Amino acid sequence: MNTRSVSLYGLTAVLAFSFGAFSLWLYEKAAAFDASGNQVTLKNKTMERKSNTLRDLTDAVLTGNLRDVNPTAERLKQYSLMIDGFLETDIYDRHGASYWKALEQLKAAAAADDWEAAKDATLAVERSCLECHQLLLPSQP
Ligand code: HEC
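Residues numbered from 1 in each chain as written. Predicted model: local features only at pLDDT ≥ 70, side-chain atom pairs only at ≥ 80, totals over all residues.

Participant: Which parts of the structure should I look at to understand the site of the ligand?
Facilitator: Residues in close proximity to the ligand total 17 residues, the closest being M47, G96, Y99, C129 and C132. Of all the elements in the fold, those that place two or more residues in the shell around the ligand are helix 2 (42-62), helix 4 (91-95) and helix 6 (115-136). No other element matches helix 6, which puts six residues into the shell around the ligand. Its residues assigned to classes, the shell around the ligand comprises eleven nonpolar, five polar and one charged. (Near = placed C-beta within 6 Å. Helix = DSSP H or I, 4+ residues; strand = E, 2+ residues; numbered from the N terminus. Nonpolar A, V, L, I, M, F, W, Y, C, P; charged D, E, K, R; others polar.)

Participant: Any chance you could explain the packing of helix 2 against helix 6 here in plain terms?
Facilitator: For any two helices packed against each other, one specifies the crossing angle of their axes together with the interaxial distance. The N-to-C vectors of helix 2 and helix 6 enclose an angle of 160°; their axes lie 10 Å apart at closest approach. In terms of axis orientation, helix 2 runs roughly antiparallel to helix 6. In the packing of helix 2 onto helix 6, the handedness of the crossing is left-handed. Two secondary-structure elements touch here, helix 2 through L54, L57, T58 and V61 and helix 6 through A118, K119, T122, E126 and C129. Split by residue class, the contact of helix 2 with helix 6 holds five nonpolar, two polar and two charged. (Axes fitted to C-alpha atoms, helices over the stretch in contact; angles between N-to-C directions. Parallel < 35°, antiparallel > 145°, perpendicular 65-115°, else oblique. Left-handed = near helix turned anticlockwise from the far one by under 90°. Contact = placed C-beta atoms within 7 Å.)

Participant: Is there a simple way to think about the nonpolar core in this case?
Facilitator: It is characteristic of soluble globular proteins that their nonpolar side chains tend to be buried jointly. Among the nonpolar cores identified, the biggest contains 16 residues, and V69, L103, L106 and A118 are the most heavily contacted of them. Of all the secondary-structure elements, those providing two or more residues to this core are helix 2, helix 3 (69-86), helix 5 (97-111) and helix 6. Take this core: its biggest share by element is six residues, from helix 5. Look past the residues within four positions of A118 in its chain and what remains in contact with it is V61, L66, V69, L106, A109 and A110. (Core = buried A, V, L, I, M, F, W, Y, C linked by C-beta atoms within 7 Å. Buried ≥ 20, exposed ≤ 12 C-beta atoms within 10 Å, placed from the backbone.)

Participant: Before we go on, may I ask you to explain helix 6 in this structure?
Facilitator: In an α-helix, one turn spans 3.6 residues, which is why side chains three or four residues apart end up on the same side. For helix 6, with 22 residues, the first-to-last C-alpha span of 32 Å sits near the 32 Å given by 1.5 Å per residue. Along helix 6, the positions that sit buried rather than exposed are A118, A121, T122 and V125. Viewed end-on, helix 6 has its buried residues packed into an arc of 110°, placing them on one side of the element. Exposed and facing more than 90 degrees away from the buried side of helix 6 are E116, L130, E131, Q134 and L135. In this fold, the buried residues of helix 6 make contact with helix 2, helix 3 and helix 5. (Expected span 1.5 Å × (residues − 1). Arc of directions from axis to C-beta.)

Participant: Quick question: what am I supposed to make of helix 2 here?
Facilitator: Over its 21 residues, helix 2 runs 30 Å from end to end, which matches the ideal 30 Å to within 8%, given 1.5 Å per residue. Residues T53, L57, A60 and V61 constitute the buried set of helix 2. Down the axis of helix 2, the buried side of the element spans an arc of 85°, and every buried residue falls inside it. In helix 2, the exposed positions angled more than 90 degrees off the buried face are occupied by N44, K45, E48, S51, N52, R55, D59 and L62. Here the buried face of helix 2 lies against helix 3 and helix 6. G64 occupies a position one or two residues after helix 2 and carries a positive phi of about 70°.

Participant: So what exactly am I meant to see when it comes to the packing of helix 2 against helix 3 here?
Facilitator: Relative to each other, helix 2 and helix 3 sit at 155°, their axes nearing to 9 Å. As summarised for this structure, helix 2 and helix 3 are arranged roughly antiparallel, according to the angle between their axes. The handedness of the crossing between helix 2 and helix 3 comes out as left-handed. On helix 3, the residues that touch K43, T46, M47, R49, K50, T53, L54, D56, L57, A60 and V61 of helix 2 are V69, T72, A73, R75, L76, Y79, S80, M82, I83 and F86. When the residues that make up the contact of helix 2 with helix 3 are grouped by side-chain class, the tally is twelve nonpolar, four polar and five charged.

And the structure:
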C-alpha cells in the first residue's frame with residue numbers, strides 16, 4: 001500500500017466518522033425539538049402571517065395609503081389559499097364566499113382610489129374573518 005492510498009483510507013475514515021457524528025447530533029436536535037412541543041409548523045406560520053397582513057391592510061387604509069392596499073389584499077388572498085390547502089374541511093368553500101368577495105371589492109376600491117369604498121370593504125373583510133371563525137368556535141350552550 002502506498003502513502004497515497006493510506007491517506008485516502010484515512011480521509012474516508014475521518015469523513016465517515018464526521019458524517020456519523022453529524023447524523024447523531026441532528027437526530028438528537030430533532031428529538032429535542034419534537035419534545036419541546038412548540039415547533040413552528042408551516043401552517044401556524046401562515047396563519048400568523050394572515051393576521052399580520054390583516055393588520056397591515058388596516059394600517060394602509062387607516063393612513064389613506066391606498067397604493068399599499070392592493071398588494072396587501074393579494075398577500076392575504078395567497079395566505080388564505082395556502083391555509084385552505086392545509087385544511088381537512090371544506091369550510092372555505094362553504095363559508096368563504098363573503099370573504100373572497102370582500103377582498104375583490106377592496107382591490108377594486110383601491111384601484112379606483114376610492115377611500116370610502118376601501119373603508120367599507122376593509123370592514124367587510126374583517127367581518128368575514130370574524131364570522132367564519134365564529135363558526136369554528138364550539139357552539140354556545
Ligand atoms: C371561510 C373561513 C375562514 C375565513 C374567512 C378566515 N379564516 Fe382564519 N381560519 C379558518 C380555519 C378553518 C382555520 C384553521 C383552524 C384550525 O385548523 O385549527 C383558520 C385559522 C386561522 C388562524 C389560526 C388560529 C389558531 O387557533 O391557530 C388565524 C390567526 C386566522 N385564521 C386568522 C384569520 C384572519 C385574520 C382572517 C381574515 C383576514 C381569517 N382568518 C379568515 C377559517 C377562516
